[in-house]
Amino acid sequence: MIRVLLADDQALVRSGFRALLGSQPDLEVVAEAADGAQALGAAREHRPDVVLMDIRMPGTDGITATREIGADPALGGVRVIVLTTFTDDSYVFDAIRSGASGFLVKDAEPADLIRAIRVVHAGEALLAPGVTRTLIAEFAARSRGGPAGAARLGALTEREREVVVEVAAGLSNDEIAARLHMSPTTAKTHVSRSMSKLGARDRAQLVVLAYESGLVRPGWTG
């Protein structure tokens with residue numbers, strides 16, 4: 001059972017999410033929150049597997065709450081999906097840097113929301129297809145690859161660097177395996193080791209690090 005916390009300032013939205021998730025045999029809503037402060041408190045109390053976090057909420061916003069959750073060692077197993085609209089792209093970058101495992105647009109299809117929860121719970125990064133290009137452009141614009149960033153990559157083997165590049169391109173383990181001629185299990189192992197060496201919480205953080213270190217640059221085509 002995947003335990004979910006709903007954080008949104010609109011009661012009607014939370015009610016709709018609760019009804020949708022309650023129809024799934026493997027999903028359970030364990031708590032709700034109307035702002036970021038409540039979300040953080042509920043996360044500490046209930047230890048959900050996944051938090052659906054609205055970015056814009058009164059008081060403590062979703063980005064701040066996401067950062068607090070990511071910084072709390074006791075909540076290391078909690079994954080956050082930030083909910084956004086197409087006008088919130090500038091906030092999405094900050095949310096991912098703050099520890100979110102991915103983001104989803106609020107007008108996504110119900111099936112996409114359910115899949116997102118399962119994907120993030122499984123340890124994958126979730127980037128909404130309609131906004132991914134904008135987000136990657138934001139990474140590139142804000143990145144300042146230099147000696148410090150390059151030094152961080154020194155811990156990686158050449159093969160691990162190749163794998164991280166493919167992760168930054170949005171490829172799954174199976175796709176990485178096919179492109180680099182290795183087994184999916186080996187690809188997964190390289191991803192896990194890279195995250196461990198770079199201190200990345202998950203694949204979304206690995207994408208951020210790939211751009212910020214300069215390993216992946218604007219205009220890269222593979």
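Residues numbered from 1 in each chain as written. Predicted model: local features only at pLDDT ≥ 70, side-chain atom pairs only at ≥ 80, totals over all residues. Heavy atoms only, no water.

(A) Layout of the pattern of salt bridges. Taken as a whole and judged by the stated rule, the model has nine salt bridges. With a closest N to O distance of 2.9 Å, Arg 14 and Glu 32 form a salt bridge. Highlighted residues: Arg 14 in helix α1 (residues 11-22) and Glu 32 in strand β2 (residues 27-33), separated in sequence by 18 residues. Judged by relative accessible area, which is 31%, Glu 32 ranks as partly exposed. Through salt bridges with shared partners, one network takes in Asp 8, Asp 54 and Lys 106. (Salt bridge = Lys/Arg side-chain N within 4 Å of Asp/Glu carboxyl O. Helix = DSSP H or I, 4+ residues; strand = E, 2+ residues; numbered from the N terminus. Buried < 20%, exposed > 50% of the residue type's maximum accessible area, 1.4 Å probe, protein only.)

(B) Looking closely at the packing of helix α8 (residues 158-168) against helix α9 (residues 173-180). As a packed pair, α8 and α9 sit with axes 10 Å apart at the nearest point and diverge in direction by 125°. What the angle tells us is that α8 and α9 run oblique. In the packing of α8 onto α9, the handedness of the crossing is right-handed. Between α8, through Arg 159, Glu 162, Val 163, Glu 166 and Val 167, and α9, the contact on the second element is made entirely by Ile 176, Arg 179 and Leu 180. Counted by class, the contact of α8 with α9 contains four nonpolar, no polar and four charged residues. (Axes fitted to C-alpha atoms, helices over the stretch in contact; angles between N-to-C directions. Parallel < 35°, antiparallel > 145°, perpendicular 65-115°, else oblique. Left-handed = near helix turned anticlockwise from the far one by under 90°. Contact = heavy atoms within 4.5 Å. Nonpolar A, V, L, I, M, F, W, Y, C, P; charged D, E, K, R; others polar.)

(C) Examining the nonpolar core more closely. Judged by nonpolar contacts, the single largest core of 26 residues is most densely connected at Val 51, Met 53, Ile 69 and Val 82. Contributions of two or more residues to this core are made by β1 (2-7), β2, α2 (36-46), β3 (50-54), α3 (62-71), β4 (79-84), α4 (89-97) and α11 (203-212). The element best represented in this core is α2, accounting for four residues. (Core = buried A, V, L, I, M, F, W, Y, C linked by side-chain atoms within 4.5 Å.)

(D) Molecular detail of unusual backbone geometry. Phi angles above zero are rare outside glycine, and Arg 47 is one such case at about 50°. The residue Arg 47 is located in the loop between α2 and β3 in this model. Note on Arg 47: relative accessible area 43%, which makes it partly exposed. With phi around 55°, His 181 is a residue other than glycine that occupies positive phi space. Structurally, His 181 can be placed in the loop between α9 and α10 (184-198).

(E) Quick look at the environment of Asp 61. Tracing the chain through its elements places Asp 61 in the loop between β3 and α3. Judged by its relative accessible area of 28%, Asp 61 is partly exposed. Along the chain, Asp 61 and Asp 8 lie 53 residues apart, while their C-alpha atoms are 9.8 Å from each other. With residues up to four places along the chain from it excluded, the contact list for Asp 61 reads Gly 36 and Ile 55. Polar side-chain contacts of Asp 61 include one of 3.2 Å to the backbone nitrogen of Ile 63. A polar contact is formed between the side chain of Asp 61 and the backbone nitrogen of Thr 64, at a distance of 2.8 Å. (Polar contact = N/O pair within 3.5 Å; in protein donor to acceptor, adjacent residues only side chain to side chain.)

Purely spatial values, then, with no claim about function.
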